[in-house]
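Descriptive structure summary
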Amino acid sequence: MLLNPNRLQRRYPDARSAEIMAATVEFFESRGKARLKHDDHERVWYSDFLDFIAKERIFASLLTPREYGASDCRWDTYRISEFAEIIGFYGLSYWYPFQVTALGLGPIWMSDNEDAKRKAAAQLEQGEVFAFGLSEQRHGADVYKTDMILTPTSDFGHGWVANGEKYYIGNANVARMVSTFGKIDDSSPDGEYVFFAADSHHDRYTLIKNVVNSQNYVANYALHQYPVTEADILHRGMDAFHAALNTVNVCKYNLGWGAIGMCTHAMYESVTHAANRYLYGTVVTDFSHVRRLLTDAYVRLVAMRLVATRACDYMRSASANDRRYLLYSPLTKAKVTSEGERVITALWDVIAAKGVEKDTFFETVAREIGLLPRLEGTVHINIGLLAKFMPNYLFAPDTELPVIGRRDDDADDSFLFAQGPTGGLGKVRFHNWCTAFDGHAHLPNVALLRDQVDVLAEMLASATPDAKQQKDIDFAFGVGQLFALVPYAQLILEEAGTTRVDDALLDEIFAVLVRDFNSYAVELHDKAATTDEQARFAMRMIRRPVADPGRYAQVWKDHVLPLNGAYEMRP
């Protein structure tokens, strides 16, 4: 059920994809854990990793649309997701330059600037990385605000000069194409949005500092009278605005796989440690609380992987008539990364002081796992985004939507770069969420969660949050957390059939989800903005999970305990 670098199991229709994954594993394993940890602690810039990426043409293969690259090139979310999981497995510092390269490429592949696209493809072949110059220190990632201003000039023919700073920009110390968001000073009150490509090697590009204390370079950079020509322009007007949001729509999905990889490595290390340690004359894994913590961590991790795997199928099958991916991408970002934090907290409660030892991989994960829920928009922002889909998802299923199967073919996911204008989220339609639940109604905890969701739907229909409550972010977050569990559970159930998850493990996963639903219901009950009627509904949502000692023992014996010694990174 989990990634094991010693036994890669994904199958691809081409040999090149498997070669990329195996070569990436070998790069890290041949370096060994001691070198990995040394470079982490000493904040060593990962030039050897980027040299490897360049030599093996990995970013070129994975991140170049087929139209602009060699025969092995395509933007294929299925294989990108495994690569993101593998590099997450070896540390967030290696996942990060991949992620910000993908973000930087988004506005380029979405543009009509064919010369810029060909230039990007050539630079990928040369091993260059890219950057996404959106955030600013004063405005964060607020797309509506920017202090990067392009002023018309005739100094070098028709063009502009750009002035302003960007902040929190990964790879911006080396990227030869930094997709930079700003506005054109056209004498109007607000100006016109623009995306243009800047070069970190240009003498009018000033690298101010690295704003983080890690291996990564997360730049604060400034442009001073930086010359911009038509050849540098990627988008103007609302197209630039849409390109910013659509790029994030595509790439925030990768955060889930980064968390899954990190948690998987920590899981192997934690179970192996606990299963080989004696306290008070007892093997640590024989303590009941340890078994519960490890089992909960394991089922949460498996659920994360099932959700992200199934969401991939909807990402790859997206079209102008099927925009379900717009729910499943932020769901993967918000829920999977948040669950990653819970997994690490549970494991840390088991291994205790071992979790801060400098030679463990766990120490790195414990320090970094909290970053992922807070990148590409906070959990609050992404859960709030999910709420826009809630009415149609729960109450207006579309029976005409196609049933999506496994998308592991070698197609280019071209629609992701032709999403068109953002907005209209309240019009996106979904298939009937009940179908997945009905197919597993024989499992007691699946049935219980279905009961809880029915009460939530009843509350939303008869005690509908009013306009003031909907504008209250804290209250909306409470409702959103409850709703998010519904598509999360739906994706788990859909993927369980494809992956053939056994009933014991699946029902144990849903026992955890029932408990989570209970906790969110209590939180909603206690919020100041919740009405008395809504509070009564919240209490009606609570169910006691069905405990089955035989099921629990089977999951422990068949799934959790076998992780003992199943993987250890080369020294």
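It should be emphasised that the depicted structure is a prediction, and the values quoted were computed from it without experimental measurement. (Residues numbered from 1 in each chain as written. Predicted model: local features only at pLDDT ≥ 70, side-chain atom pairs only at ≥ 80, totals over all residues. Heavy atoms only, no water.)

A closer look at the packing of helix 15 (residues 444-462) against helix 17 (residues 473-499)
Under the convention used in this document: Lines fitted to C-alpha atoms define the axes, with helix axes restricted to the stretch in contact, and inter-axis angles between N-to-C directions lie between 0 and 180 degrees. Secondary structure elements are taken from DSSP: a helix is a run of H or I of four residues or more, a strand is a run of E of two residues or more, and numbering for both begins at the N terminus. For this classification, under 35 degrees means roughly parallel, over 145 means roughly antiparallel, 65 to 115 means roughly perpendicular, and everything else is oblique. It is the rotation of the near helix from the far one that decides the hand of a crossing: anticlockwise by less than a right angle makes it left-handed, clockwise makes it right-handed. Only heavy atoms enter the contact rule, under which two residues are in contact if any of them lie within 4.5 Å. All amino acids are sorted into three groups, where Ala, Val, Leu, Ile, Met, Phe, Trp, Tyr, Cys and Pro are nonpolar, Asp, Glu, Lys and Arg are charged, and the leftover types, Gly among them, are polar.
Their axes nearest at 11 Å, the elements helix 15 and helix 17 cross at an angle of 140 degrees. In terms of their interaxial angle, helix 15 and helix 17 are classed as oblique. Our pair here, helix 15 against helix 17, has a crossing hand that is left-handed. From helix 15, Val 446, Leu 449, Val 453, Leu 456 and Leu 460 reach across to helix 17, where they touch Val 479, Leu 482, Phe 483, Val 486, Ala 489 and Leu 493. Among the residues forming the contact of helix 15 with helix 17, the class breakdown is eleven nonpolar, no polar and no charged.

Observations regarding empty space enclosed by the protein
We count it as follows: Residues are said to line a cavity or pocket when one of their atoms sits within 4 Å of a point; the points come from a 1 Å grid over protein atoms alone, cavities being sets where a 1.4 Å probe fits but cannot get out and pockets being open sets with protein on both sides within 12 Å along at least five of seven lines. Grid points are joined across faces, edges and corners, and a volume is the space filled by probe spheres set on the points.
Counted according to the given criterion, the structure contains three cavities of 30 Å³ or more. Taken together, Leu 36, Lys 37, Asp 40, Tyr 90, Gly 91, Leu 92, Ser 93, Tyr 94, Gln 215, Phe 361, Thr 364 and Glu 368 form the lining of the largest cavity. Secondary structure elements with two or more residues in the lining of the largest cavity: helix 1 (15-41), helix 5 (92-109) and helix 11 (361-368). By residue class, the composition of the lining of the largest cavity is five nonpolar, four polar and three charged. Its volume calculated, the second largest cavity comes out at about 60 Å³.

Considerations on unusual backbone geometry
Even without being glycine, Arg 43 reaches a positive phi, approximately 55 degrees. In this fold, Arg 43 is placed in the loop between helix 1 and helix 2 (47-56). Its identity as a non-glycine residue notwithstanding, Tyr 280 has a phi of 55 degrees, on the positive side. When you line up the elements, Tyr 280 lands in the loop between strand 9 (278-279) and strand 10 (282-283).

So, the layout of surface pockets
Convention followed: Domain start and stop points were drawn from an automatic or database domain assignment.
In this structure, the second largest pocket occupies an estimated 720 Å³ of space. Around the second largest pocket sit 28 residues that line it, and Met 1, Leu 2, Gln 9, Arg 305 and Thr 499 are the ones nearest its centre. Mapped by element, the contributors of at least two residues to the lining of the second largest pocket are helix 4 (77-89), helix 9 (288-316), helix 17 and helix 20 (549-560). For the lining of the second largest pocket, the per-class residue count stands at twelve nonpolar, six polar and ten charged. Summarising the domain contributions, the lining of the second largest pocket has at least three residues from each of domain 1 (15-128) and domain 3 (379-398 + 431-548).

Focus: the domain arrangement of the chain
One frequent convention defines the size of an interface as the accessible area lost when the parts assemble. One can read the domain layout of the chain as domain 1 (15-128), domain 2 (132-236) and domain 3 (379-398 + 431-548). Inter-centroid distance (C-alpha atoms) of domain 2 to domain 3 is 42 Å.

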